[in-house]
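What the coordinates show
In case you want the letters, here they are:
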Amino acid sequence: MNDGAAAAPESRRRRLDPGLVSLALFVLALNVPYLDARILPVHDSFYNFVNFHIFYNEFFFQRGLAQWFPHSGYGIPAGLQQVISLSPMSYVVGLAGALVRAADTLLLFKLSVIAEQLVYVIGTYLLARRLFASRATALALGVAAAGTLVWYAQLWFELRIFYLLPSVLFCFVSFLTQRRAEWLWMAGIACVAWSMGNAPYFVPLWAFVLLICVAAAALGYAGEWSRLLARTGPNLLLLSALVFGIAVYVYFAFHALDFLVMQMAGRDPLTTEVDLETFLTYGGKADLPTVARSFLLGWPTHLPWGSGADNSAYLGLLPLLGVGLAFAFERSRLFVGIGAALVALVWLSLGGVFATFVYYLPMLSQYRHVGLVYGLVKELGIVAAGYGIERLWSWRFPLPSRRVLWASAAVLGIASAVAVPVLWHTHVLLRLWLYAAVGIAGLA
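What comes next is a walk through the structure. (Residues numbered from 1 in each chain as written. Predicted model: local features only at pLDDT ≥ 70, side-chain atom pairs only at ≥ 80, totals over all residues. Heavy atoms only, no water.)

Section: the overall build of the chain
Put simply, the test is: Runs of E in the DSSP output that reach at least two residues are strands. Runs of H or I that reach at least four are helices, and both are numbered from the N terminus. Accessibility here uses a 1.4 Å probe with only protein chains present; expressed as a share of the type maximum, an area under 20% marks a residue as buried, one over 50% as exposed, and anything in between as partly exposed. Here, Shrake-Rupley sampling with a 1.4 Å probe gives the accessible areas, and only protein chains in the shown set may cover a residue.
Within the chain, the secondary structure is distributed over 19 helices and zero strands. For the chain, the proportion of its 444 residues judged to be buried stands at 48%. Within the structure as shown, the chain displays about 21,400 Å² of accessible surface, and the carbon and sulfur contribution to it stands at 70%.

This is the structure in structure tokens:
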């Protein structure tokens, strides 16, 4: 598979992609239960909701942004909370809610999170359509992206730390294939948007991951780098927007702690760097058997603090098969970068010699959650799986008659239904049976 292997030619693409519509409806369907007013987010997701509630109330009643935090915030300046808690979709939904005078901040917060999920799943689908010829591969990756999200407890590490990664990669791959500088600036703008609503110390980690992902593909770029500063209207407009966005974010990030000194164990209050021990241990070190079980079984849904994985890390069976096939057979430049980034993150999560090396890289000493990188690992795994799934479609297996296939599907389906009360604790086996039943029925 070539890095720039586009999907169907532009002339054959429909204006309204049915796959995209199906995935959007799938995301909405998955989130319907969360819209119940009795469902509250917990842990860090609740912290983000509280911050959204404070900022929205201030804008709703006073038509301005909150400048300080009352009550549990003890009157601290609100700049840092604005930087780390309000994503672009928080502003969009908050503004729309204020215009229609909506008073239910919990519902608005949930709608903003659903919008972030849509951005993530659509970005994954578009990236897959750019990389792979088969629409089935893009749909499989989109379903995996939507179906593996568990946002209600850990919004940062289970959604926001990776939700714009596919969009950034889509823009970068478009830059390599179309050789237009506008795509590179759009990738940068997506990175600025990504930084909104996240902790500033995520940024060095993203730079580390993206550099590994794109280095090999960028070295093979055959375009003219001098064209990056071409004096065309769209190019100059997007470059100016990128520079402006970076300047605004840097200003807000550097002034978020004005008149405030935060004393946190292991972090220097002036430089905000953490010491090596805090870097290696604060977020826990990953327990690989626990992570592997979570990737395969999706249980427990949310791993507790101190387990080395304070988030959900479910990936699914088909993506895991795709990852294995990709590592066995794929050698394209972009996959080599994605695979290397995946391995680097897992190695980093162990908190050993490699993590110590990473600590001394520029700006990485700001980060302190080496065990909590599996959201990024999951998304890179989903993209990597596309290479293996695409190869899987190309294999031709001899099939039995349609009658035999239908009979096999029926037997597997009935066996799964009968075994549910007895074998629920081995539900991965039930999933295998059910997936096999659906797959065999599809072949029939």
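On we go.
Side note on helix α1 (residues 18–31)
Inclusion rule: Expected span, for any helix, means 1.5 Å times one less than how many residues it has. Each C-beta atom gives one direction from the helix axis, and the arc is the one those directions make. Contacts are assigned to residue pairs with any non-hydrogen atoms lying within 4.5 Å of each other.
In a regular helix each residue adds 1.5 Å, so 14 residues correspond to 20 Å; α1 covers 20 Å between its end C-alpha atoms and thus fits that length. Taken residue by residue, α1 has G19, L23, V27 and N31 as its buried positions. Buried residues along α1 cover an arc of 105 degrees about the axis, so they all sit on one side. Lining the buried residues of α1 we find α5 (105–131) and α6 (135–147).

Let's talk about the environment of L318
Position of L318 among the secondary structure elements: in helix α14 (residues 317–329). Residue class for L318 comes out partly exposed when judged on its relative accessible area of 35%. Sequence spacing of L318 and I382 is 64 residues, and the spatial spacing of their C-alpha atoms is 9.7 Å. Among all residues touching L318, those that are not within four sequence positions of it are A140, I389 and L392.

Comments concerning a nonpolar patch on the surface
We count it as follows: The patches described consist of residues with a relative accessible area above 30% and no salt bridge, like charges being joined within 9 Å and nonpolar side chains (Val, Leu, Ile, Met, Phe, Trp, Tyr) within 5 Å. The term salt bridge refers to a side-chain nitrogen of Lys or Arg lying within 4 Å of a carboxyl oxygen of Asp or Glu.
Taken together, the side chains of L16, V21, L25 and L28 define a hydrophobic patch exposed on the protein surface, amounting to about 380 Å² of accessible area. As for its position among the elements, L28 is in helix α1. Judged by its relative accessible area of 40%, L28 is partly exposed.

Topic: the side chain of E158
Just so we agree on the cut-off: Any pair of nitrogen or oxygen atoms within 3.5 Å is treated as a polar contact; in protein, a donor-acceptor pairing is required on top of that, and neighbouring residues in sequence qualify only through side-chain atoms on both sides.
Inspection of the secondary structure assignment puts E158 in helix α7 (residues 155–160). Here the side chain of E158 touches V150 through a polar contact of 3.3 Å, landing on its backbone nitrogen.

Quick word on the pattern of salt bridges
Taken as a whole and assessed by the stated rule, the structure comprises six salt bridges. For R180, the salt bridge identified is with E182, shortest N-O distance 3.8 Å. We classify R180 as partly exposed; its relative accessible area is 42%. Among the salt bridges present, the one from E330 reaches R391, with a minimum N-O distance of 3.6 Å. Note that E330 is positioned in the loop between α14 and α15 (333–349) and R391 in helix α17 (residues 374–394), a separation of 61 residues in sequence. Note on E330: relative accessible area 3%, which makes it buried. The partly exposed category is assigned to R391, whose relative accessible area is 27%.

A look at the packing of helix α2 (residues 43–62) against α5
Relative placement of two packed helices is described by the angle separating their axes and the distance separating the axes. We count it as follows: Between the N-to-C directions of two axes lies an angle of 0 to 180 degrees, each axis being a line fitted to C-alpha atoms and, for a helix, fitted only over the stretch in contact. A clockwise turn of the near helix away from the far one marks a right-handed crossing, whereas an anticlockwise turn of less than a right angle marks a left-handed crossing. For this classification, Asp, Glu, Lys and Arg are treated as charged, while Ala, Val, Leu, Ile, Met, Phe, Trp, Tyr, Cys and Pro are nonpolar and the rest, including Gly, are polar.
At a minimum axis separation of 10 Å, α2 and α5 run at an interaxial angle of 115 degrees. α2 and α5 meet at a crossing whose hand is right-handed. Where α2 approaches α5, its residues S45, N48, F49, F52, H53, Y56 and N57 are matched on the opposing element by T105, L106, L108 and F109. Grouping the amino acids of the contact of α2 with α5 by side-chain chemistry returns six nonpolar, five polar and no charged.

Quick look at the packing of aromatic side chains
Using the following cut-off: For this analysis, a ring pair means two rings from Phe, Tyr or Trp (six-membered ring only for Trp) whose centres lie within 6.5 Å, classed as stacked if their planes differ by under 30 degrees, edge-to-face if by over 60, and tilted for the remaining angles. In this scheme, the term charge over a ring applies when either NZ of a lysine or CZ of an arginine sits within 6 Å of the ring centre and within 35 degrees of the ring normal.
Within this structure, the stated rule accounts for 26 aromatic pairs. The interplanar angle of 75 degrees and the centroid separation of 5.0 Å between the aromatic rings of F60 and F61 together place this pair among those described as edge-to-face. Pairing W347 with F354 gives two aromatic rings, centres 4.5 Å apart and planes at 10 degrees, and the pair type is stacked. When its relative accessible area of 48% is taken as the criterion, W347 is described as partly exposed. Its guanidinium or amino end placed over the ring of F60, R101 lies 3.8 Å from that ring's centre, counting from NZ or CZ.

Some points on the state of the cysteines
The test is simple: Cysteine sulfur atoms that come within 2.5 Å of each other are treated as a disulfide pair.
Counted according to the given criterion, the structure contains zero disulfides. For C171, which is in no disulfide, the shortest distance to another cysteine sulfur is to C191 and amounts to 8.8 Å. When its relative accessible area of 26% is taken as the criterion, C191 is described as partly exposed.

Quick word on helix α13 (residues 288–297)
Residues of α13 that are buried: T290, V291, S294, F295 and L297. Just downstream of α13, G298 is the residue with a positive phi angle, here 70 degrees.

Quick notes on unusual backbone geometry
For R63, which is not a glycine, the phi torsion comes out positive at approximately 60 degrees. Mapped onto the elements, R63 comes out in the loop between α2 and α3 (79–85). Of note in the backbone geometry, R179 takes a positive phi value of approximately 55 degrees without being a glycine. For R179, the position within the fold is in the loop between α8 (165–178) and α9 (181–195).

Considerations on the nonpolar core
Across soluble globular proteins, nonpolar side chains show a tendency to be buried alongside one another. Test applied: For this analysis, a nonpolar core means a set of buried residues of the types Ala, Val, Leu, Ile, Met, Phe, Trp, Tyr and Cys, connected via side-chain atoms within 4.5 Å.
Core analysis: the biggest nonpolar cluster contains 113 residues, and F279, L348 and L376 have the highest contact counts within it. Setting aside its immediate chain neighbours within four residues, F279 contacts V274, L348, A355, V358, Y359, L364, Y367, R368 and V370.

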